[in-house]
Amino acid sequence: MNENVFYVDAKSKIVDFLSANFGDFPIKLQNRFLNFFPLISNYQEEGIRYHPRLLFTDNIDVISKNLPAPKKIEMFRDNNENMFDSRIRALVPFCKQDWYIYIEAHGGTVSYGVFKNVGSIKDKSTEDAIFSSAEASEKIAARASAILVYANTRWTVTMRSFYGNEMNTNFALDIMGHSDMDTEVAQLVDASFCKLKTTSKKLNDLKNMFQNVFKNVLRDIGGTICVVVDKDYKRDDFLADGIWLAEPISLSKLFLQTTNYHEQMLTSIADLFLAMLNKDGITVVNNCGEILAYNVFVEPTLKEVGNIIGGARKRAAYTIINSKRRDIEGVYFQSYDGEIFFAAVKK
(Lines give C-alpha, C1' and ligand atoms only; values in the text may rest on other atoms or scores of the structure.)
Protein backbone atom coordinates (compact mmCIF):
# COMPACT_ATOMS: atom_id res chain seq x y z
CA MET A 1 0.00 0.00 0.00
CA ASN A 2 1.32 3.42 -0.95
CA GLU A 3 0.78 6.30 1.45
CA ASN A 4 1.52 9.97 0.84
CA VAL A 5 2.25 12.14 3.88
CA PHE A 6 2.18 15.91 3.48
CA TYR A 7 3.10 18.79 5.75
CA VAL A 8 -0.42 20.20 5.38
CA ASP A 9 -0.44 21.80 8.81
CA ALA A 10 2.93 23.44 8.17
CA LYS A 11 1.72 24.85 4.85
CA SER A 12 -1.40 26.40 6.39
CA LYS A 13 0.64 27.86 9.25
CA ILE A 14 3.11 29.43 6.80
CA VAL A 15 0.24 30.98 4.85
CA ASP A 16 -1.26 32.32 8.09
CA PHE A 17 2.10 33.81 9.08
CA LEU A 18 2.45 35.58 5.72
CA SER A 19 -1.08 36.96 5.98
CA ALA A 20 -0.61 38.21 9.53
CA ASN A 21 2.81 39.78 9.05
CA PHE A 22 3.05 40.99 5.47
CA GLY A 23 -0.37 42.25 4.52
CA ASP A 24 -1.02 41.84 0.81
CA PHE A 25 1.50 39.10 -0.04
CA PRO A 26 0.98 38.26 -3.76
CA ILE A 27 -0.79 34.91 -3.99
CA LYS A 28 1.18 33.64 -7.01
CA LEU A 29 4.49 34.54 -5.37
CA GLN A 30 3.26 32.79 -2.24
CA ASN A 31 2.67 29.58 -4.17
CA ARG A 32 6.16 29.72 -5.69
CA PHE A 33 7.64 30.31 -2.25
CA LEU A 34 5.73 27.40 -0.70
CA ASN A 35 7.10 25.04 -3.34
CA PHE A 36 10.65 26.24 -2.66
CA PHE A 37 10.27 26.29 1.15
CA PRO A 38 11.29 22.65 1.90
CA LEU A 39 14.65 23.20 0.15
CA ILE A 40 15.78 26.04 2.40
CA SER A 41 16.92 23.97 5.38
CA ASN A 42 19.12 21.63 3.34
CA TYR A 43 19.96 23.50 0.13
CA GLN A 44 22.81 22.12 -1.98
CA GLU A 45 24.37 23.01 -5.34
CA GLU A 46 26.99 20.64 -6.80
CA GLY A 47 27.64 19.10 -3.41
CA ILE A 48 28.08 22.46 -1.63
CA ARG A 49 25.68 23.22 1.20
CA TYR A 50 24.23 26.72 1.46
CA HIS A 51 22.16 28.44 4.11
CA PRO A 52 20.20 31.09 2.19
CA ARG A 53 18.49 33.93 4.01
CA LEU A 54 15.53 35.29 2.06
CA LEU A 55 13.93 38.64 2.83
CA PHE A 56 10.49 39.18 1.31
CA THR A 57 9.51 42.84 1.30
CA ASP A 58 7.55 45.50 -0.53
CA ASN A 59 10.22 48.19 -0.03
CA ILE A 60 13.86 47.08 0.14
CA ASP A 61 15.16 50.67 0.07
CA VAL A 62 13.49 51.54 3.38
CA ILE A 63 15.06 48.47 5.00
CA SER A 64 18.57 48.84 3.60
CA LYS A 65 18.74 52.56 4.43
CA ASN A 66 18.17 51.75 8.09
CA LEU A 67 21.34 49.65 8.25
CA PRO A 68 24.51 51.38 9.56
CA ALA A 69 26.54 50.62 6.39
CA PRO A 70 24.15 49.23 3.76
CA LYS A 71 24.95 47.82 0.35
CA LYS A 72 22.15 46.71 -1.98
CA ILE A 73 22.57 45.26 -5.48
CA GLU A 74 19.57 44.56 -7.67
CA MET A 75 20.11 41.63 -10.03
CA PHE A 76 16.74 40.95 -11.67
CA ARG A 77 13.43 42.72 -12.25
CA ASP A 78 10.50 40.73 -13.65
CA ASN A 79 6.91 41.49 -14.56
CA ASN A 80 5.66 38.35 -12.79
CA GLU A 81 6.76 35.64 -10.38
CA ASN A 82 7.35 32.87 -12.95
CA MET A 83 11.15 33.04 -12.65
CA PHE A 84 11.20 32.80 -8.84
CA ASP A 85 13.02 29.44 -8.59
CA SER A 86 15.72 30.25 -11.12
CA ARG A 87 16.30 33.73 -9.68
CA ILE A 88 16.77 32.37 -6.16
CA ARG A 89 19.08 29.61 -7.38
CA ALA A 90 21.19 32.20 -9.20
CA LEU A 91 21.56 34.27 -6.02
CA VAL A 92 22.07 31.55 -3.39
CA PRO A 93 25.88 31.24 -3.92
CA PHE A 94 26.30 34.85 -2.68
CA CYS A 95 25.02 33.72 0.73
CA LYS A 96 28.42 32.11 1.32
CA GLN A 97 29.79 35.66 1.57
CA ASP A 98 27.10 36.64 4.10
CA TRP A 99 24.80 38.37 1.60
CA TYR A 100 21.04 38.24 2.13
CA ILE A 101 18.72 37.62 -0.81
CA TYR A 102 15.83 40.06 -1.12
CA ILE A 103 12.61 39.55 -3.05
CA GLU A 104 10.71 42.80 -3.48
CA ALA A 105 7.09 42.53 -4.62
CA HIS A 106 5.73 45.96 -5.41
CA GLY A 107 3.57 47.58 -8.08
CA GLY A 108 3.05 44.37 -10.05
CA THR A 109 6.78 43.65 -10.45
CA VAL A 110 9.12 41.29 -8.59
CA SER A 111 12.71 42.40 -8.05
CA TYR A 112 15.54 40.20 -6.82
CA GLY A 113 18.96 41.08 -5.47
CA VAL A 114 21.34 40.89 -2.52
CA PHE A 115 22.05 43.22 0.38
CA LYS A 116 23.94 43.33 3.66
CA ASN A 117 25.50 45.60 6.23
CA VAL A 118 29.18 45.99 5.25
CA GLY A 119 30.36 47.62 8.47
CA SER A 120 32.80 46.33 11.06
CA ILE A 121 32.87 42.75 12.28
CA LYS A 122 32.22 44.37 15.69
CA ASP A 123 28.80 45.55 14.48
CA LYS A 124 25.57 43.64 14.79
CA SER A 125 24.81 41.25 11.96
CA THR A 126 22.51 42.44 9.18
CA GLU A 127 19.64 40.47 10.65
CA ASP A 128 20.16 41.74 14.19
CA ALA A 129 20.47 45.34 13.00
CA ILE A 130 17.03 45.05 11.39
CA PHE A 131 15.11 42.86 13.82
CA SER A 132 16.70 42.96 17.29
CA SER A 133 16.00 46.65 17.95
CA ALA A 134 12.33 47.31 18.70
CA GLU A 135 12.79 50.98 17.80
CA ALA A 136 14.34 50.16 14.41
CA SER A 137 11.70 47.51 13.69
CA GLU A 138 8.84 49.87 14.45
CA LYS A 139 10.41 52.61 12.35
CA ILE A 140 10.79 50.33 9.32
CA ALA A 141 7.43 48.59 9.82
CA ALA A 142 5.66 51.94 9.47
CA ARG A 143 6.85 52.14 5.85
CA ALA A 144 7.51 48.57 4.72
CA SER A 145 6.45 44.97 5.20
CA ALA A 146 9.14 42.32 5.53
CA ILE A 147 9.56 38.67 6.47
CA LEU A 148 12.96 37.01 6.85
CA VAL A 149 13.16 33.27 6.10
CA TYR A 150 16.25 31.18 6.88
CA ALA A 151 17.47 27.76 8.02
CA ASN A 152 17.91 27.76 11.77
CA THR A 153 19.28 24.23 11.63
CA ARG A 154 19.47 21.50 9.02
CA TRP A 155 15.90 20.51 9.92
CA THR A 156 14.28 23.81 10.87
CA VAL A 157 13.25 26.87 8.86
CA THR A 158 12.56 30.08 10.78
CA MET A 159 10.38 33.01 9.71
CA ARG A 160 10.66 36.41 11.44
CA SER A 161 8.72 39.64 11.06
CA PHE A 162 8.99 43.24 12.27
CA TYR A 163 6.13 42.64 14.68
CA GLY A 164 8.25 40.45 16.93
CA ASN A 165 6.62 37.31 15.59
CA GLU A 166 8.61 34.17 14.83
CA MET A 167 7.64 30.74 13.55
CA ASN A 168 9.80 27.60 13.28
CA THR A 169 8.87 24.86 10.82
CA ASN A 170 10.49 21.56 11.77
CA PHE A 171 11.06 18.92 9.09
CA ALA A 172 12.46 16.32 11.52
CA LEU A 173 10.27 13.45 12.65
CA ASP A 174 11.27 14.13 16.26
CA ILE A 175 10.19 17.67 17.11
CA MET A 176 12.37 17.52 20.25
CA GLY A 177 15.35 17.74 17.91
CA HIS A 178 14.67 21.45 17.31
CA SER A 179 17.38 23.80 18.52
CA ASP A 180 17.35 27.59 18.41
CA MET A 181 20.85 28.52 17.33
CA ASP A 182 20.54 32.18 18.39
CA THR A 183 19.61 31.21 21.95
CA GLU A 184 22.36 28.62 22.27
CA VAL A 185 25.02 30.94 20.82
CA ALA A 186 23.91 33.76 23.14
CA GLN A 187 24.54 31.46 26.13
CA LEU A 188 27.98 30.55 24.79
CA VAL A 189 28.85 34.22 24.25
CA ASP A 190 27.72 35.20 27.74
CA ALA A 191 29.83 32.40 29.26
CA SER A 192 32.89 33.40 27.19
CA PHE A 193 33.00 36.92 28.61
CA CYS A 194 31.36 36.57 32.03
CA LYS A 195 34.60 37.39 33.90
CA LEU A 196 35.99 40.02 31.54
CA LYS A 197 36.25 43.46 33.13
CA THR A 198 35.85 46.16 30.50
CA THR A 199 33.52 48.94 29.41
CA SER A 200 29.98 48.06 28.41
CA LYS A 201 30.61 49.30 24.86
CA LYS A 202 33.71 47.15 24.39
CA LEU A 203 31.93 44.14 25.91
CA ASN A 204 29.04 44.65 23.50
CA ASP A 205 31.44 44.87 20.53
CA LEU A 206 33.23 41.70 21.63
CA LYS A 207 29.96 39.81 21.97
CA ASN A 208 28.83 40.98 18.54
CA MET A 209 32.06 39.68 17.00
CA PHE A 210 31.75 36.32 18.76
CA GLN A 211 28.11 35.97 17.70
CA ASN A 212 28.99 36.81 14.09
CA VAL A 213 31.70 34.12 14.07
CA PHE A 214 29.36 31.46 15.40
CA LYS A 215 26.63 32.31 12.94
CA ASN A 216 29.22 31.59 10.25
CA VAL A 217 29.88 28.24 11.96
CA LEU A 218 26.38 27.07 11.00
CA ARG A 219 26.87 28.32 7.45
CA ASP A 220 30.38 26.98 6.82
CA ILE A 221 31.02 24.08 9.22
CA GLY A 222 29.33 20.72 9.56
CA GLY A 223 29.99 20.26 13.29
CA THR A 224 32.09 21.62 16.14
CA ILE A 225 32.66 21.72 19.91
CA CYS A 226 33.76 24.80 21.82
CA VAL A 227 34.50 24.54 25.54
CA VAL A 228 34.59 27.54 27.89
CA VAL A 229 36.95 27.20 30.85
CA ASP A 230 37.57 29.52 33.80
CA LYS A 231 40.18 32.28 33.46
CA ASP A 232 42.27 30.51 36.15
CA TYR A 233 42.04 27.12 34.43
CA LYS A 234 45.22 25.05 34.81
CA ARG A 235 45.81 22.53 32.05
CA ASP A 236 45.99 18.92 33.19
CA ASP A 237 45.50 15.47 31.65
CA PHE A 238 41.77 15.99 31.05
CA LEU A 239 42.16 18.34 28.03
CA ALA A 240 45.87 17.80 27.43
CA ASP A 241 45.59 15.96 24.11
CA GLY A 242 45.55 18.86 21.66
CA ILE A 243 47.26 21.99 20.39
CA TRP A 244 47.59 24.62 23.12
CA LEU A 245 48.75 28.06 22.04
CA ALA A 246 52.03 29.24 23.54
CA GLU A 247 50.35 32.62 24.01
CA PRO A 248 46.54 32.84 24.20
CA ILE A 249 44.81 35.10 21.67
CA SER A 250 43.13 37.82 23.69
CA LEU A 251 40.13 39.22 21.87
CA SER A 252 39.81 42.07 24.35
CA LYS A 253 43.43 43.18 23.76
CA LEU A 254 42.83 43.07 20.01
CA PHE A 255 40.01 45.54 20.48
CA LEU A 256 42.26 47.84 22.48
CA GLN A 257 44.76 47.84 19.61
CA THR A 258 42.18 48.06 16.83
CA THR A 259 40.99 51.15 15.01
CA ASN A 260 39.11 51.32 11.72
CA TYR A 261 42.51 51.14 10.03
CA HIS A 262 43.14 47.72 11.63
CA GLU A 263 39.75 46.22 10.82
CA GLN A 264 41.52 43.58 8.74
CA MET A 265 43.29 42.38 11.91
CA LEU A 266 39.99 41.53 13.58
CA THR A 267 38.67 39.85 10.46
CA SER A 268 41.83 37.76 10.15
CA ILE A 269 41.62 36.58 13.77
CA ALA A 270 37.94 35.76 13.32
CA ASP A 271 38.84 33.67 10.25
CA LEU A 272 41.60 31.93 12.25
CA PHE A 273 39.15 31.12 15.04
CA LEU A 274 36.67 29.75 12.50
CA ALA A 275 39.42 27.50 11.08
CA MET A 276 40.14 26.19 14.59
CA LEU A 277 36.45 25.39 15.10
CA ASN A 278 36.50 23.54 11.79
CA LYS A 279 39.26 21.17 12.93
CA ASP A 280 38.48 17.83 14.51
CA GLY A 281 38.34 17.96 18.28
CA ILE A 282 37.54 20.75 20.71
CA THR A 283 38.35 24.46 20.62
CA VAL A 284 38.99 25.90 24.09
CA VAL A 285 38.36 29.50 25.17
CA ASN A 286 38.18 31.01 28.64
CA ASN A 287 35.60 33.28 30.27
CA CYS A 288 37.71 36.38 29.62
CA GLY A 289 37.45 35.95 25.86
CA GLU A 290 40.84 34.34 25.24
CA ILE A 291 41.39 31.56 22.69
CA LEU A 292 43.54 28.91 24.36
CA ALA A 293 43.62 25.72 22.27
CA TYR A 294 42.15 23.71 19.42
CA ASN A 295 42.18 20.14 18.06
CA VAL A 296 41.78 18.98 21.68
CA PHE A 297 40.41 15.52 22.52
CA VAL A 298 39.01 13.84 25.61
CA GLU A 299 38.62 10.13 26.26
CA PRO A 300 34.91 9.32 26.77
CA THR A 301 34.05 6.89 29.57
CA LEU A 302 30.89 4.83 29.92
CA LYS A 303 30.11 6.39 33.29
CA GLU A 304 30.27 9.95 31.98
CA VAL A 305 28.59 9.35 28.63
CA GLY A 306 25.85 6.98 29.81
CA ASN A 307 23.27 6.14 27.15
CA ILE A 308 24.05 9.08 24.84
CA ILE A 309 23.15 8.31 21.23
CA GLY A 310 25.49 9.96 18.74
CA GLY A 311 28.99 10.05 17.33
CA ALA A 312 32.37 10.76 18.89
CA ARG A 313 31.78 14.52 18.98
CA LYS A 314 28.59 14.18 21.03
CA ARG A 315 30.16 11.64 23.39
CA ALA A 316 33.05 14.05 23.95
CA ALA A 317 30.62 16.88 24.72
CA TYR A 318 28.80 14.82 27.35
CA THR A 319 32.06 13.59 28.82
CA ILE A 320 32.86 17.23 29.61
CA ILE A 321 29.32 18.13 30.72
CA ASN A 322 29.29 15.23 33.18
CA SER A 323 32.88 15.76 34.38
CA LYS A 324 31.83 17.97 37.34
CA ARG A 325 34.88 20.12 36.73
CA ARG A 326 34.41 23.39 38.59
CA ASP A 327 37.01 25.07 36.38
CA ILE A 328 34.98 24.47 33.19
CA GLU A 329 31.97 26.70 32.46
CA GLY A 330 30.20 24.83 29.66
CA VAL A 331 30.15 23.25 26.22
CA TYR A 332 28.81 24.42 22.86
CA PHE A 333 27.97 21.47 20.60
CA GLN A 334 26.91 21.46 16.95
CA SER A 335 26.44 18.30 14.91
CA TYR A 336 26.43 17.83 11.16
CA ASP A 337 22.74 16.90 11.41
CA GLY A 338 21.91 20.29 12.89
CA GLU A 339 21.59 19.54 16.61
CA ILE A 340 22.87 22.54 18.57
CA PHE A 341 23.11 23.20 22.28
CA PHE A 342 25.09 24.99 24.96
CA ALA A 343 25.17 23.19 28.30
CA ALA A 344 26.79 24.15 31.58
CA VAL A 345 29.07 21.59 33.20
CA LYS A 346 27.32 19.74 36.00
CA LYS A 347 28.79 20.72 39.37
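Refer to the structure above for everything that follows.
Cut-offs and rules
- Residues numbered from 1 in each chain as written.
- Predicted model: local features only at pLDDT ≥ 70, side-chain atom pairs only at ≥ 80, totals over all residues.
- Heavy atoms only, no water.
- Helix = DSSP H or I, 4+ residues; strand = E, 2+ residues; numbered from the N terminus.
- Contact = heavy atoms within 4.5 Å.
- Areas by Shrake-Rupley, 256 points an atom, 1.4 Å probe, with all protein chains shown as cover.
- Phe/Tyr/Trp six-rings, centres within 6.5 Å; stacked < 30°, edge-to-face > 60°.
- Buried < 20%, exposed > 50% of the residue type's maximum accessible area, 1.4 Å probe, protein only.
- Salt bridge = Lys/Arg side-chain N within 4 Å of Asp/Glu carboxyl O.
- Pairing = 2+ DSSP bridges.
- Axes fitted to C-alpha atoms, helices over the stretch in contact; angles between N-to-C directions.

Q: Explain the overall build of the protein chain to me, and be specific about the residues and the numbers.
A: Looking only at helices and strands, the protein chain has 12 helices and 15 strands in total. Partitioning the contacts of the protein chain with sequence separation of at least 6, the portion at a separation of at least 24 is 65%. Roughly 17,300 Å² of accessible area belongs to the protein chain as shown, and the carbon and sulfur atoms make up 50% of that amount.

Q: Any chance you could break down unusual backbone geometry for me, citing the residues and the numbers?
A: One non-glycine residue with positive phi stands out, namely D98, at about 70°. Position of D98 relative to the elements: it lies in the loop between α4 (84-91) and β5 (100-106). The residue K324 is not glycine, and still its phi comes out positive at about 60°. As for its position among the elements, K324 is in the loop between α12 (312-321) and β14 (328-334).

Q: Help me get a handle on the packing of aromatic side chains, residues and values and all.
A: Per the stated rule, a full pass over the model turns up 16 aromatic pairs. Each ring, one from F25 and one from F56, has its centre 5.5 Å from the other, and the planes form 55°; the classification is tilted. Of this pair, F25 sits in the loop between α1 (8-22) and α2 (27-36) while F56 sits in strand β3 (residues 53-57), placing them 31 residues apart in sequence. You can call F25 buried: its relative accessible area is 8%. Geometrically, the ring pair formed by F36 and F84 is edge-to-face, given 6.0 Å between the ring centres and 85° between the ring planes. Of the two residues, F36 sits in helix α2 while F84 sits in helix α4, which places them 48 residues apart along the sequence. Residue classification places F36 among the buried positions, given a relative accessible area of 0%.

Q: A description of the pattern of salt bridges should follow, citing residues and the corresponding values.
A: Counting across every chain of the model gives 14 salt bridges. Across the pair R160 and E166 runs a salt bridge, and its minimum N-O distance is 3.8 Å. Exposure remark for R160: the relative accessible area of 14% places this residue in the buried category. Measuring nitrogen to oxygen at the nearest pair gives 3.1 Å for the salt bridge that ties D205 to K201. Separated by four residues within a single helix, D205 and K201 lie in helix α8 (residues 200-220), roughly one turn from each other. For D205, a relative accessible area of 14% gives the class buried. On the basis of relative accessibility, which here comes to 60%, the residue K201 falls in the exposed class.

Q: Would you mind going over the pairing of strand β8 (residues 156-161) in detail, with residue names and values included?
A: Most of β8 sits out of view: six of its six residues are buried. Of the two faces of β8, the one lined by T156, T158 and R160 and the one lined by V157, M159 and S161 are each fully buried. Note that β8 and strand β9 (residues 166-170) share five bridges and pair antiparallel. Across the sheet, residue M159 finds its bridge partner in β9, namely M167.

Q: So what's going on with the side chain of S64? Residues and values would help.
A: Relative to the helices and strands, S64 is located in helix α3 (residues 60-64). Those residues in contact with S64 that lie beyond four places of it in its chain are P70 and K72.

Q: Which residues make up the sheet that holds β14, and what values do they have?
A: In spatial order, the strands read β11-β13-β12-β10-β14-β15; together these six strands make up an open sheet with mixed pairing. Each having just a single partner strand, β11 (241-250) and β15 (340-344) make up the two edges of the open sheet. Neighbour-to-neighbour, the strand axes of the sheet open up by a mean angle of 15°, direction not taken into account. Where β11 and strand β13 (residues 290-297) come together, five bridges link them in antiparallel fashion. Within β13, the position partnered with S250 by the bridge is E290.

Q: Give me the lowdown on the pairing of β5, citing residues and values where you can.
A: With six of seven residues buried, β5 lies mostly within the body of the structure. In terms of strand pairing, β3 meets β5 through four bridges, oriented parallel. In the strand pairing of β5, T57 is matched with E104. When β5 meets strand β6 (residues 109-117), the two strands line up antiparallel, connected through seven bridges. Following the sheet pairing, Y102 is matched in β6 by G113. Connecting the antiparallel pair β5 and β6 is a turn made up of two residues, with G107 showing a positive phi of about 60°.

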